[in-house]
Amino acid sequence: MRFDKGGNAQSINMPDLQYQTWQQEGNKLTLTGKTVYGGESFVFTESYTVKQVTPAMLVLISNDGEEIVYARKM
């Protein structure tokens, strides 16, 4: 994933999951986009709690308690 200034988001190497926007309020991160499945596209919104942010890593907690770790590709 890539988060650009101005709230634009982009999926990287995930053609079926296309992130489009992001927004942060406090420790809450909201992502919107669309997923493509069977020739149809569906709009989605995902919300996470930000657990940790470093220059090399982003750790999120989903609403069901799952910890998701994204590492920056150097």
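Residues numbered from 1 in each chain as written. Predicted model: local features only at pLDDT ≥ 70, side-chain atom pairs only at ≥ 80, totals over all residues. Heavy atoms only, no water.

(A) Fine view of the nonpolar core. Core analysis: the largest hydrophobic core is formed by ten residues, namely A9, Y19, L29, L31, F44, Y48, V50, L58, L60 and I68. Every element with two or more residues in this core is listed here: β4 (28-37), β5 (40-53) and β6 (57-62). Per element, the largest residue contribution to this core is three residues, and it comes from β5. When sequence neighbours within four positions are dropped, the list of residues in contact with V50 reads Q24, N27, L29, L58, V59 and L60. (Core = buried A, V, L, I, M, F, W, Y, C linked by side-chain atoms within 4.5 Å. Buried < 20%, exposed > 50% of the residue type's maximum accessible area, 1.4 Å probe, protein only. Helix = DSSP H or I, 4+ residues; strand = E, 2+ residues; numbered from the N terminus. Contact = heavy atoms within 4.5 Å.)

(B) Layout of the environment of Q18. Within the fold, Q18 resides in strand β3 (residues 17-25). Residue classification places Q18 among the partly exposed positions, given a relative accessible area of 28%. Taking the C-alpha atoms as reference points, Q18 and G33, 15 residues apart in sequence, are found 5.5 Å from one another. Once residues within four sequence positions are removed from consideration, Q18 is found in contact with S11, G33, K34, V36 and F44.

(C) Spotlight on the packing of aromatic side chains. Per the counting criterion, the structure on display carries two aromatic pairs. The interplanar angle of 80° and the centroid separation of 5.9 Å between the aromatic rings of F3 and W22 together place this pair among those described as edge-to-face. With F3 in strand β1 (residues 2-3) and W22 in strand β3, the pair connects residues that are 19 residues apart, well separated along the chain. The class of F3 is partly exposed, set by a relative accessible area of 31%. We classify W22 as partly exposed; its relative accessible area is 25%. For the ring pair Y19 and F44, a centre distance of 5.6 Å and an interplane angle of 80° mean the geometry is edge-to-face. Highlighted residues: Y19 in strand β3 and F44 in strand β5, separated in sequence by 25 residues. (Phe/Tyr/Trp six-rings, centres within 6.5 Å; stacked < 30°, edge-to-face > 60°.)

Remember that the coordinates give geometry; whether it matters functionally is a separate question.
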